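What follows is each chain in one-letter form.
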Amino acid sequence: MPKNNDLMDKIVSLSKRRGFIFQSSEIYGGLSSSYDYGPLGVELKNNIKKAWWKTMVQDRDNIVGLDAAIIMSPKVWEASGHLTAGFADPLRECKKCHHRFRTDNLEGDKCPDCGGELTEERQFNLMMKTNLGVVEDEASVAYLRAETCQGIYCNFKNVLDSMHMKLPFGIAQIGKSFRNEITPGNFTFRTREFEQMEMQYFISPDDSKKYFDEWKNMRMKWYEDLGVSKDGLKFEKHGKDDLAHYAKAAEDVIYKFPFGWSELEGIHDRGDWDLSNHQKHSRQKLEYFDQENNRRFVPHVIETSGGVDRATLMFIADAYTEDEAPDADGKLQTRTVLKFDKRLAPIKVAVLPLSKKEELSKVAREVYDGLKDEFMTWYDETQAIGKRYRRQDEVGTPYCVTVDFESLEDKSVTVRDRDTMKQERIRMDELKDYLIKKLA
Ligand code: ATP
């Protein structure tokens, strides 16, 4: 396997070459730290979101979904503490090159980039401002949400009443968030526009410890079940000094990225901080009535908060493998494979006629048409078959189906497994069921 720095370069280059992730606005020289997901990237990202939604919503009987607006009343951000110091990073700017650094990332008193003199520490608010309506005045100032969970708190009562939920219950949401990050970087790891998958679990105050532990373990299991290497995952506990203003306890799931152990997702015991604050600022009751014990209270919250982009980068990095395989002449060559879990693979099956001859293309097209309503299927008849296998390995396609001249006679095709490279002859009329079983 490549060394860490090389690995990151390889991931960035493969992402571009194979249509996973492109630099945003590239034809204009690119916008730094902004990225676009290409045809395979969007499939991968959608599959990750689907897997999360299945575990967090579909498979549960007490968690429901939500899709709240990105632009909310500015009052929300006053109540949440985002417009005050709570969401500001202490920052110093270099007087010479004007690069900015988070104080907690600095060692010494000089600019790490050019050695220049640094300004005094200043608070820098991370909220992204915009204006609503056509006139740019203070009255129309609004913010792009900095986290999706505030939309959940604001809808707590709506969901409780409309869906007749009983504690404990959760509300899950996937959506974009925006932060004017001072130090974006490491490809898609930290960007100013990103997607979150968050779930807020509303509980009775006495149950915090129990559900905090439960969610911690369930979230770790989610990554492990999707095939992430166990020695690449661990928890990191927040000490008293780095707990967020709202949190009573916090642990991160961290992953061994090529650039070092870094946060994937946070599990937080937020107490009643959020609902109590919204109750105070909105003057609306955000309480729960516990019929059994005849008591009314503001529920506490356990939050699981992960990034879709970070998860996507992690799944690519974790799946990246190099092994050796013989080429057409029997010579060993390095083979790059993205060993994605089958549920996450952007393309499930590639149909490859051995040659472009019309009689083969015709049958191969029929095979392709028979599969594509069931799986994300790809058709490719360009270049030598060995090259086409490599291309599919490189994007993590679990199965390649080859149609050859014998197929015309025996009505069978060759199915090649991405990981073992083993080939099996399967009858065309049994192919779909065979692949359904394999990809289940
Ligand atoms: P960090 O310490 O890395 O800035 P955070 O602790 O501020 O992250 P949270 O506010 O807990 O992050 O957000 C929850 C999740 O959202 C993070 O675990 C991460 O996966 C994702 N996330 C947060 N900020 C970004 C960002 N700028 N770019 C990409 N993903 C992000």
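Attention here is on the structure that accompanies the text.

## Points about the site of the ligand
Residues in contact with the ligand amount to 15 residues; listed here are only the nearest, Glu181, Arg190, Thr191, Glu263 and Leu264. Measuring from a nitrogen atom of the ligand, one finds a backbone N or O atom of Thr191 at 2.7 Å. A distance of 2.9 Å separates an oxygen atom of the ligand from a polar atom in the backbone of Gly307. When the ligand sits alone it has 590 Å² of accessible area, and the protein chains cover 85% of it. Elements with a contribution of two residues or more to the shell around the ligand: β10 (193–203), β13 (260–271) and β16 (300–307). For the shell around the ligand, the element with the most residues is β13, which contributes four residues. Of the residues contributing to the shell around the ligand, the split by class is three nonpolar, six polar and six charged.

## Thoughts on the packing of helix α1 (residues 4–17) against helix α8 (residues 308–319)
Relative to each other, α1 and α8 sit at 110°, their axes nearing to 11 Å. By the angle between their directions, the pair α1 and α8 is classed as roughly perpendicular. Residues Met8, Ile11 and Ser15 of α1 pack against Leu313, Ile316 and Ala317 of α8. When the residues that make up the contact of α1 with α8 are grouped by side-chain class, the tally is five nonpolar, one polar and no charged.

## Points about the side chain of Gln150
Of note, Gln150 is situated in helix α4 (residues 149–154). What makes Gln150 buried here is its relative accessible area of 1%. Setting aside its immediate chain neighbours within four residues, Gln150 contacts Met72, Val76, Trp77, Ser80, His82, Arg270, Asp274 and His278.

## Thoughts on helix α10 (residues 385–395)
Residues of α10 that are buried include every one of Arg388, Tyr389, Arg391, Gln392, Asp393, Glu394 and Val395, and no others. Phi for Gly396, located one or two positions after α10, is positive at around 85°.

## Let's talk about the side chain of Ser177
Structurally, Ser177 can be placed in strand β9 (residues 169–178). Judged by its relative accessible area of 0%, Ser177 falls in the buried class. Within polar-contact distance, the side chain of Ser177 engages the side chain of Gln196 at 2.8 Å. Once residues lying within four places of it in the same chain are set aside, the contact partners of Ser177 are Arg145, Ala146, Glu147, Thr148, Arg192, Glu193, Phe194 and Gln196.

## Re the packing of aromatic side chains
Within a pair of aromatic rings, the relevant descriptors are the distance that separates the centres and the angle that separates the planes. As enumerated under the stated definition, the model contains 17 aromatic pairs in all. Here the aromatic rings of Phe156 and Phe169 are separated by 6.1 Å at their centres, their planes lie at 10°, and the arrangement is stacked. Placement of the pair is Phe156 in helix α5 (residues 156–163) and Phe169 in strand β9, with a sequence separation of 13 residues. Residue classification places Phe156 among the buried positions, given a relative accessible area of 0%. With relative accessibility at 0%, the residue Phe169 sits in the buried group.

## A look at the state of the cysteines
Summed over all chains, the structure comprises zero disulfides. The thiol of Cys154 is not disulfide-bonded; the next cysteine sulfur, from Cys149, is found 9.7 Å away. In this structure Cys154 comes out as partly exposed when scored by relative accessible area, which is 34%.

## Here's the deal with the pairing of strand β17 (residues 320–326)
Sheet topology note: the β17/strand β18 (residues 332–338) ladder contains seven bridges and is antiparallel. From the neighbouring strand, Pro326 faces β18, where its bridge partner is Leu332. Hairpin connection, β17 to β18: the antiparallel pair is bridged by five residues, and Gly330 has positive phi, about 85°.

Cut-offs and rules
Residues numbered from 1 in each chain as written. Predicted model: local features only at pLDDT ≥ 70, side-chain atom pairs only at ≥ 80, totals over all residues. Heavy atoms only, no water. Near = heavy atom within 4 Å. Polar contact = N/O pair within 3.5 Å; in protein donor to acceptor, adjacent residues only side chain to side chain. Areas by Shrake-Rupley, 256 points an atom, 1.4 Å probe, with all protein chains shown as cover. Helix = DSSP H or I, 4+ residues; strand = E, 2+ residues; numbered from the N terminus. Nonpolar A, V, L, I, M, F, W, Y, C, P; charged D, E, K, R; others polar. Axes fitted to C-alpha atoms, helices over the stretch in contact; angles between N-to-C directions. Parallel < 35°, antiparallel > 145°, perpendicular 65-115°, else oblique. Contact = heavy atoms within 4.5 Å. Buried < 20%, exposed > 50% of the residue type's maximum accessible area, 1.4 Å probe, protein only. Phe/Tyr/Trp six-rings, centres within 6.5 Å; stacked < 30°, edge-to-face > 60°. Disulfide = S-S within 2.5 Å. Pairing = 2+ DSSP bridges.

Spatial relationships are all this shows, so hold off on functional conclusions.
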